[in-house]
Amino acid sequence: MITLHFIAADGNTQTVSGKPGHSLMQAAEKAKVTGIAADCGGSLTCATCHVTVAPEWAERLPKAGNDEQAMLEFTAVPREPNSRLSCQIALTPELDGLVVHLPATQY
Ligand code: FES
């Protein structure tokens with residue numbers, strides 16, 4: 001299992017486990033992480049699974065594709081340089097210990 005840390009806007013940290021091959025969003029949903037809405041279920045049409053990847057992890061993730069980049073324009077909280085849509089991050093063993101920050105709201 002892959003350990004994942006979600007840090008809320010208020011600093012509260014939720015640590016969960018994810019399965020390789022699942023998305024970061026799926027791991028968050030399964031563990032009922034507060035702050036990930038994921039209204040579209042991962043079909044890249046809602047931008048309510050927005051996270052900001054901790055700087056030390058950002059370079060270790062594959063780059064966002066064009067469709068993800070386009071959808072990041074629709075996040076409720078303005079995107080940051082390290083913003084990603086968690087449904088587009090596939091979990092691999094290399095991401096064990098991943099740290100992401102949650103926006104104050106997804107709406
Ligand atoms: Fe809708 Fe990620 S869950 S874009």
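Right, let's walk through the structure included here.

Definitions and limits used
- Residues numbered from 1 in each chain as written.
- Predicted model: local features only at pLDDT ≥ 70, side-chain atom pairs only at ≥ 80, totals over all residues.
- Heavy atoms only, no water.
- Buried < 20%, exposed > 50% of the residue type's maximum accessible area, 1.4 Å probe, protein only.
- Helix = DSSP H or I, 4+ residues; strand = E, 2+ residues; numbered from the N terminus.
- Pairing = 2+ DSSP bridges.
- Axes fitted to C-alpha atoms, helices over the stretch in contact; angles between N-to-C directions.

### A few points about the pairing of strand β2 (residues 13-18)
Along a regular strand, successive side chains alternate from one face of the sheet to the other. Burial along β2 is one-sided: Gln14, Val16 and Gly18 are buried, and none of Thr13, Thr15 and Ser17, which face the opposite way, are. Across six bridges, the pairing between strand β1 (residues 2-7) and β2 is antiparallel. The residue bridging histidine 5 from the neighbouring strand is threonine 15, located in β2. Between β1 and β2, which pair antiparallel one after the other, the connecting turn spans five residues, and glycine 11 there sits at a positive phi close to 95°.

### A word on the sheet that holds strand β3 (residues 50-53)
Taken in spatial order, the five strands line up as β2-β1-β5-β3-β4 in an open sheet, and their pairing is mixed. Pairing within the sheet leaves two strands with one partner each, and these edge strands are β2 and β4 (83-85). The average angle at which neighbouring strand axes cross in this sheet is 35°, direction not considered. As paired elements, β3 and strand β5 (residues 98-101) share two bridges and run antiparallel to each other. Among the inter-strand pairings, threonine 52 is bridged to a residue of β5, identified as histidine 101.

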